[in-house]
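A look at the structure
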Amino acid sequence: MTKLIALVEDDELLRKNYADALRRDGYNVVTYCSRQEASDAFNSSLPDMAILDIMLDDDSEGGFEICRQLRYKSTTIPIIFLTARTNDVDRVSGLRLGAWDYLTKDTTTLDFLPARVSSLFNVIDSFKIPTNKAVERKVGSLMLDEERKQVFWKDVSISLSLTEFWLLLCLTKHPGHVKSHQQLMHSANVVVTDNAITAHIRRIRDKFKSIDPEFSSIKSEYGMGYRWVNE
Amino acid sequence: MPKLKFTLRVKLIFASIFLLAIPLSGFWYVSNMMSFLLKGQEQVVSLTARSVTAILNNSPNLFKRNILESVDEEKEYPLYRLPNKIKLDGNKQDWPNRSKQIELNNKEQTENKPLSFSHQVGRIDNYLYALFDVQDKNIILRNPNTLHLEKSDHLQILLRDIDGELKKYLISPVREGWVTAHEMSLKEKTFIPVKNETKIHGFWKNNANGYLIEMRIPFSHLGNKLIFSINDVDEPSGKVINSLSTGRKNKSWEMKTVLTSSADIKKILSYLEIPDTKIWVVDKKNRIRASIGSLDNYIASEPENLFRSFANKAFRFIYEYYTASSPARNETKPYLSVYDFTDLKPTLEMGKSVSMRKSLPGGNTEIIIDIEPLTDSADNIIGAVVVEQTTDNILLEKRHIIEDTIYITLVVFIIGTLFLFIFASRLSSRIRKLSNDADNAIGKDGKIISSITSTDASDEIGDLSRNLAAMITRLKKVADYQEKMANNLEHELRTPLAGISASLINLKREIGKGDKSNEYLVGALENLTKTEGILSKIRDASMLEEALKQGEFEEFDLCKAMTAWGNFYELSFPETSFDIAIPEGEIIIFADPERIYQMMDKLVENSVDFSTPNSTVIIKLIKNKKNAEITIINEGEHINNQTMDQMFNSMVSLRTVEKSDGIHMGLGLYIVRTIIDHHRGSIQAKNIDNDPPDKVAFIVRLPLG
């Protein structure tokens, strides 16, 4: 069945282009240009996925508002945020919303959007079937479920965004190996500056530290990259 | 000698010298007052003299009863005023040379027993002084056991006292020295002492020729008749062999008239008595006929302390300057209650009115003197009236005024200067503080570091400080706004860029792989990406400080790090050769490894870009006492001084050569400096010219962990 994606974006050019790109990939796309419009629509029926611009018509909370509304109606619907600024990334990352994700609106958006859309749909599908233990991987105190994109540290669940999950996956594939910024970027389906990678890693560390203050398994390799260390 | 900065304080000290005008004007005022007062007093004195003269002129019979025209020395004792004070010590040096020689006449002269003496009388204050210089070869003094006063050499005094009574005194000493007179009974041919009259006394001194008697009689004991006689005794038995009187030759026992004072005139004058004023009436022969009042109460100079003497000297100097007068300076003879009769000559001979001032010894008191002629009904000059007055009242006032003036003006001057100085100091320090604040508010590179705290003061400096603070705030606002604008701009640009690239990507996908148009699209997309890259760099640089704060510091070994990085550089820049020197052991710093890596990356990139082709870039790591020091040296053009200051700023680029990817915005060194600041380190760029070819070095110091 063709999935329905709802796209809420106030910039006309972006809205049209993103919608066309997604349709080309085989999805049904319905677009909304304002929070009100989207809100009204979601009152009657929900899409299979929502891609939300955070700032809508000068309302810096627009995207989050819709997200709350959707979450209220469905706990499982995947949501991708379109962010314009880096501090928006922090805000999204802090939203304990499960395996959701964010993407910056820039020249690379359309390059990486498809991967995210399909990954998230896979995550949803994997929730529908019972847990496949084979896909779980244990690395020290860390447990990764690659299908459901879930992470457990010392048996406590940590909610990482999709991007963060991919980064962690990259690090823990070969524990002890140094992964450069380039490698990490590639695995996370992002093209960002080194600074941004550092920020992502910091967010991941912070999330682990909020559960385990002693967490120190992600080590910086003299600034040139990162390495996962089992304690 | 250090150059004297013409600061506010110095200027105000110079200005305060003008405050000296206060004491000077005080002096000027006092001088003028004094002149005025003294003139006034002179006029009063003159008026008094003229009044007295007028009164006396109107008493026509005044002088008639007295013999004024000639002094008959045989019949009269003229009472001259003695010029010096006489000390009764047997020394006749203090007497003027006016003694008259008196000798026995031929009849009375006995052979081999001559007797003569020289003698004069004079007047000092209330005493009649007499001098006897006796030539006597044989001096017989009285036997202390005898009561007979006449049986030795003695001086006899015969006088009529104030009540008209006849009195006889004998001075008959037992020994040399202090002698007193004995009042004798008046019974004829008897020499019985009645009592010892100590008020008539003197000094008897023996000498080679005979003896000297200096003695005095108070006027209270003397009327208007007087005669002395010297009686010579040459044998101890005491018979008077010779007697010599000061009287007339043939009437040796007749007493002479003593002109003490004119009772009539004195009576008139007594109505005119004024304190501190002496009025004399003198006749044509310089004999004082009457006097009233005294100047003896003149106030002795108060002891002068250092301040007073200074004050007085200062005042005198200025007084003379202002009044162009030198009070009594030309007087060679100080006034001493005696007359030099040359002073009276102009009046007595020519009838001139004379006004003068003399100073008393001790320097500070002056006497104002006015002399008016007395005439009879025929306008002949018969005498003069002399009025003397001390200027003590004025002078005492003067002294007090001077002292007060000086005290007050000095105090005012000192306090004034002190206040001015304190005020200047305060002003000066306020301005200096403001100046420092302003200086510190903006860093060397024009970046606004801190703001100025403005004061509440309501004066010009307060206004200035508020203005400066407002200026800095405005500048800061503009700088902040510009930064924000840059951010906003960057943000605003992103959306259209994203839109363009999304459209192009869709177009590309629509066209499909085979179409030639793909080339154009790919080119366009690449350029869009580049553009976006520029924006990202700008954003990263502007948010760097914020981002740094979110980084995590850890302790790591710089030696190991540099080794790893060194390898990386060699790989990244294959056309450049590196000379990397890392010491043995470890250098631990407490830092954010990513940022240090980023810093090194930028520095190395910078050095590589500016190094001359085929040259070596040197990287050296050493450990100092407190710091880790990293030096990166490349061969290349020196950096000029202007650039040195600016090159760590944002958007400053030296590049003349296009970088390979064509993107360069001069952010590298700015990022380097910001990271180093965040780590509390320092960076220094230096030109090296002591070892050709030209080299440029960057030296980074980071504190040890």
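Residues numbered from 1 in each chain as written. Chains lettered and ligands numbered in written order. Predicted model: local features only at pLDDT ≥ 70, side-chain atom pairs only at ≥ 80, totals over all residues. Heavy atoms only, no water.

So, on to the overall build of chain B. Regarding its fold elements, chain B presents 13 helices and 24 strands. When burial is assessed residue by residue, chain B has 43% of its 705 residues classed as buried. Taking the contacts inside chain B whose residues are at least 6 apart along the sequence as the reference set, 64% of them involve residues at least 24 apart. Put simply, chain B shows about 39000 Å² of open surface, and 54% of that area lies on carbon and sulfur atoms. (Helix = DSSP H or I, 4+ residues; strand = E, 2+ residues; numbered from the N terminus. Buried < 20%, exposed > 50% of the residue type's maximum accessible area, 1.4 Å probe, protein only. Contact = heavy atoms within 4.5 Å. Areas by Shrake-Rupley, 256 points an atom, 1.4 Å probe, with all protein chains shown as cover.)

The next point concerns the interface of chain B and chain A. Listed per partner, the contact involves 35 residues of chain B and 28 residues of chain A. Summed over both sides, the interface between chain B and chain A buries roughly 2900 Å², with carbon and sulfur atoms accounting for 50% of that surface. In this structure, the salt-bridge partner of Arg205 of chain A is Glu552 of chain B, at a minimum N-O distance of 3.6 Å. Linking chain B with chain A are 10 residue pairs in polar contact (both at pLDDT 80 or more), by the criterion used here. Among the secondary structure elements, those contributing two or more residues to the side of chain B that touches chain A are helix H7 (460-511), helix H8 (517-542), strand S18 (554-557), helix H10 (558-572) and helix H11 (593-610) of chain B. At 14 residues, the largest contribution of residues to the side of chain B that touches chain A is made by H7 of chain B. The class makeup of the residues in the side of chain B that touches chain A is 14 nonpolar, 10 polar and 11 charged. (Buried area = accessible area lost by both parts, 1.4 Å probe. Salt bridge = Lys/Arg side-chain N within 4 Å of Asp/Glu carboxyl O. Polar contact = N/O pair within 3.5 Å; in protein donor to acceptor, adjacent residues only side chain to side chain. Nonpolar A, V, L, I, M, F, W, Y, C, P; charged D, E, K, R; others polar.)

Ranked by size, the top nonpolar core spans 56 residues in total, and within it Ile51, Val117 and Leu168 of chain A carry the most contacts. Ranked by residues supplied to this core, first place goes to helix H6 (residues 162-173) of chain A with 8 residues. Discounting chain neighbours no more than four positions away, the residues touching Val117 of chain A are Ile5, Leu22, Tyr27, Met49, Ile51 and Ile80 of chain A. Judged by nonpolar contacts, the second largest core, of 46 residues, contains Ile589, Leu667, Tyr670 and Leu702 of chain B. (Core = buried A, V, L, I, M, F, W, Y, C linked by side-chain atoms within 4.5 Å.)

Moving on, we get to the pairing of strand S8 (residues 150-153) of chain A. Residues and elements named next belong to chain A. What you see with S8 is a clean split: Val151 and Trp153 sit on the buried side and Gln150 and Phe152 on the side with no burial. With 4 bridges connecting them, strand S7 (residues 142-145) and S8 associate as antiparallel partners. For Leu144, the partnering residue across the bridge sits in S8 and is Val151. Between S7 and S8, which pair antiparallel in sequence order, lie 4 residues; one of them, Lys149, sits at a positive phi of approximately 55 degrees. Here S8 pairs with strand S9 (residues 156-158) via 3 bridges, running antiparallel. (Pairing = 2+ DSSP bridges.)

Turning next to unusual backbone geometry. Negative phi characterises most residues that are not glycine, and trans characterises most peptide bonds. Unlike most non-glycine residues, Asp155 of chain A shows phi in positive territory, near 70 degrees. Turning to its location among the elements, Asp155 of chain A is positioned in the loop between S8 and S9. With a phi angle near 55 degrees, Arg680 of chain B is a residue other than glycine that sits in the positive phi range. Within the secondary structure layout, Arg680 of chain B lies in the loop between helix H13 (668-678) and strand S23 (682-688).

A contiguous nonpolar surface patch, about 550 Å² in accessible area, is contributed by Trp28, Tyr29, Met33, Phe36 and Leu37 of chain B. Within the element layout of this structure, Tyr29 of chain B appears in helix H2 (residues 21-57). (Patch = residues over 30% accessible without salt bridge, like charges linked within 9 Å, V, L, I, M, F, W, Y side chains within 5 Å.)

A word on the packing of aromatic side chains. Residue and element names in this part refer to chain A. Throughout the structure, instances matching the rule amount to 20 aromatic pairs over all chains. Summarising the aromatic geometry, the rings of Phe64 and Phe81 are spaced 5.4 Å apart at their centres and angled 65 degrees between planes, so their arrangement reads as edge-to-face. Here the residue Phe64 occupies a position in helix H3 (residues 62-73), and Phe81 occupies one in strand S4 (residues 79-83), the gap between them amounting to 17 residues. In this pair, the class of Phe64 matches that of Phe81, namely buried. Ring geometry for Phe215 against Trp228: centres 5.8 Å apart, planes inclined by 50 degrees, an arrangement best described as tilted. Taken together, the residues span a long stretch of sequence, with Phe215 in the loop between helix H8 (194-211) and strand S11 (218-220) and Trp228 in strand S12 (residues 225-228) at a distance of 13 residues. (Phe/Tyr/Trp six-rings, centres within 6.5 Å; stacked < 30°, edge-to-face > 60°.)

Residues and elements named next belong to chain A. Strand order across the open sheet formed by 5 strands is S2-S1-S3-S4-S5, with parallel pairing between neighbours. If you trace the sheet from one side to the other, it starts and ends with strand S2 (28-32) and strand S5 (101-104), each paired once. Geometrically, the sheet is characterised by an average inter-axis angle of 20 degrees between neighbouring strands, direction not taken into account. Sheet topology note: the S4/S5 ladder contains 4 bridges and is parallel. Looking at S5, one finds that Thr83 is bridged to Thr104. Those strands touched by helix H1 (residues 12-24) are strand S1 (4-8), S2, strand S3 (49-53) and S4, and its axis lies near 165 degrees from that of S2. (Axes fitted to C-alpha atoms, helices over the stretch in contact; angles between N-to-C directions.)

This part is about the environment of Val123 of chain A. All names here are of chain A. Structurally, the position occupied by Val123 is in helix H5 (residues 109-128). Residue classification places Val123 among the buried positions, given a relative accessible area of 2%. A sequence separation of 23 residues divides Val123 from Glu146, and the C-alpha atoms of the two residues are 8.9 Å apart.

All names here are of chain B. Ordered in space as S19-S21-S22-S24-S23, the 5 strands form an open sheet in which the pairing is mixed. In the strand order of this sheet, the two ends are held by strand S19 (577-581) and S23, each with one partner. Between one strand axis and the next, the sheet turns by 15 degrees as a mean value, whatever way the strands run. Judged from the 7 bridges that link them, S23 and strand S24 (residues 695-703) form a sheet pairing that is antiparallel.

For the rest of this paragraph, the subject is the side chain of Asn518 of chain B. Residue placement: Asn518 of chain B occurs in helix H8. Leave out the neighbours within four places in its chain, and Asn518 of chain B touches Lys508, Gly512 and Lys513 of chain B.

All names here are of chain B. Where H10 meets H11, the axes come as close as 11 Å, and the angle between the chain directions of the two elements is 45 degrees. Relative to H11, the element H10 is oriented oblique. For the pair H10 and H11, the crossing hand works out as right-handed. Note on element contacts: H11 touches H10 through Pro593, Ile596, Tyr597, Met600, Asp601 and Val604, opposite Leu558, Met562, Trp565, Phe568 and Tyr569. (Parallel < 35°, antiparallel > 145°, perpendicular 65-115°, else oblique. Left-handed = near helix turned anticlockwise from the far one by under 90°.)

Here we come to the pattern of salt bridges. Residue and element names in this part refer to chain A. Scanning all chains against the criterion turns up 22 salt bridges over all chains. Among the salt bridges present, the one from Lys3 reaches Asp125, with a minimum N-O distance of 3.8 Å. Placement of the pair is Lys3 in the segment before S1 and Asp125 in helix H5, with a sequence separation of 122 residues. Using a relative accessible area of 33% as the deciding quantity, one classes Asp125 as partly exposed. Residue Asp212 is joined to Lys154 by a salt bridge in which the shortest nitrogen-to-oxygen separation is 3.0 Å. Taken together, the residues span a long stretch of sequence, with Asp212 in the loop between H8 and S11 and Lys154 in the loop between S8 and S9 at a distance of 58 residues.

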